[in-house]
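Structural characterization, general
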Amino acid sequence: MTRDVPKLPLPVRNALRKLGGDIRDARRRRRIPSAVMAERAMLSRGTLTKVEEGDSTVSMGAFATVLYVQGMTERSVEVADTRSDVVGLLLESHACGADVDPCA
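For clarity, every value in this text was computed on a predicted model and none was experimentally measured.

Reading the values: the criteria
- Residues numbered from 1 in each chain as written.
- Predicted model: local features only at pLDDT ≥ 70, side-chain atom pairs only at ≥ 80, totals over all residues.
- Heavy atoms only, no water.
- Helix = DSSP H or I, 4+ residues; strand = E, 2+ residues; numbered from the N terminus.
- Buried < 20%, exposed > 50% of the residue type's maximum accessible area, 1.4 Å probe, protein only.
- Contact = heavy atoms within 4.5 Å.
- Areas by Shrake-Rupley, 256 points an atom, 1.4 Å probe, with all protein chains shown as cover.
- Core = buried A, V, L, I, M, F, W, Y, C linked by side-chain atoms within 4.5 Å.
- Axes fitted to C-alpha atoms, helices over the stretch in contact; angles between N-to-C directions.
- Nonpolar A, V, L, I, M, F, W, Y, C, P; charged D, E, K, R; others polar.
- Arc of directions from axis to C-beta.

Scanning the chain for helices and strands turns up 6 helices and 0 strands. Counting from the amino terminus, the chain carries its helices and strands in the arrangement α-α-α-α-α-α. Considering the chain as a whole, with its 104 residues, one finds that 20% of them fall into the buried category. Of the contacts formed within the chain by residues at least 6 apart in sequence, a portion of 51% connects residues at least 24 apart. If you sum the accessible surface of the chain, you get close to 7,800 Å²; carbon and sulfur atoms cover 58% of it.

Here we come to the nonpolar core. Counting residues in each nonpolar core, the largest one holds 14 residues, and the members touching the most others are Ile23, Met37, Leu48, Val51, Val58, Phe63 and Val66. Taken together, the elements giving at least two residues each to this core come down to α1 (10-29), α2 (34-40), α3 (45-53) and α4 (60-69). If you tally residues by element for this core, the top one is α4, at 4 residues. Those residues in contact with Val58, other than ones at most four positions away along the chain, are Thr47, Lys50, Val51 and Phe63.

Turning to the side chain of Arg27, a few remarks are in order. Along the chain, the position of Arg27 falls in helix α1. Leaving out residues up to four positions away in the same chain, Arg27 has contacts with Ile32, Pro33, Ser34, Met37, Glu52 and Gln70.

A separate point is the packing of α1 against α3. Across the interface, α1 lies against α3 with an axial gap of 5 Å and an inter-helix angle of 120°. Contact residues: Arg17, Gly20, Gly21, Ile23, Arg24 and Arg27 in α1; Val51, Glu52 and Glu53 in α3. Grouping the constituent residues of the contact of α1 with α3 by class yields 2 nonpolar, 2 polar and 5 charged.

A few words on α3. For α3, the complete set of buried residues consists of Leu48, Val51 and Glu52. Angularly, the buried residues of α3 cover 95° about the axis, an arc narrow enough to put them on a single face. Each element contacted by the buried residues of α3 is listed here: α1, α2 and α4. Backbone geometry just downstream of α3 places Gly54 in the positive-phi region, at approximately 75°.

See below:
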């Protein structure tokens, strides 16, 4: 039985593919064989391959664990850092200036 995977927007698919490719390239630069990386990340080799392909069915935990094994965790926590959310900060600053202050 195959699982129906919802079609993701093209920019999301491209971003995941790039992330997976960058993870693969980082592993290769470190000269870590895929079998060793899979073992260190406690993943099957098949799941590691999916991570490196940017497969959207793989959990964020798998991506994060591979980044951790490669010593790249600090970058993964910055993905949705609110300090870098320009749109959210702008909206928040405008909302705080309203008659009813939702920021209080």
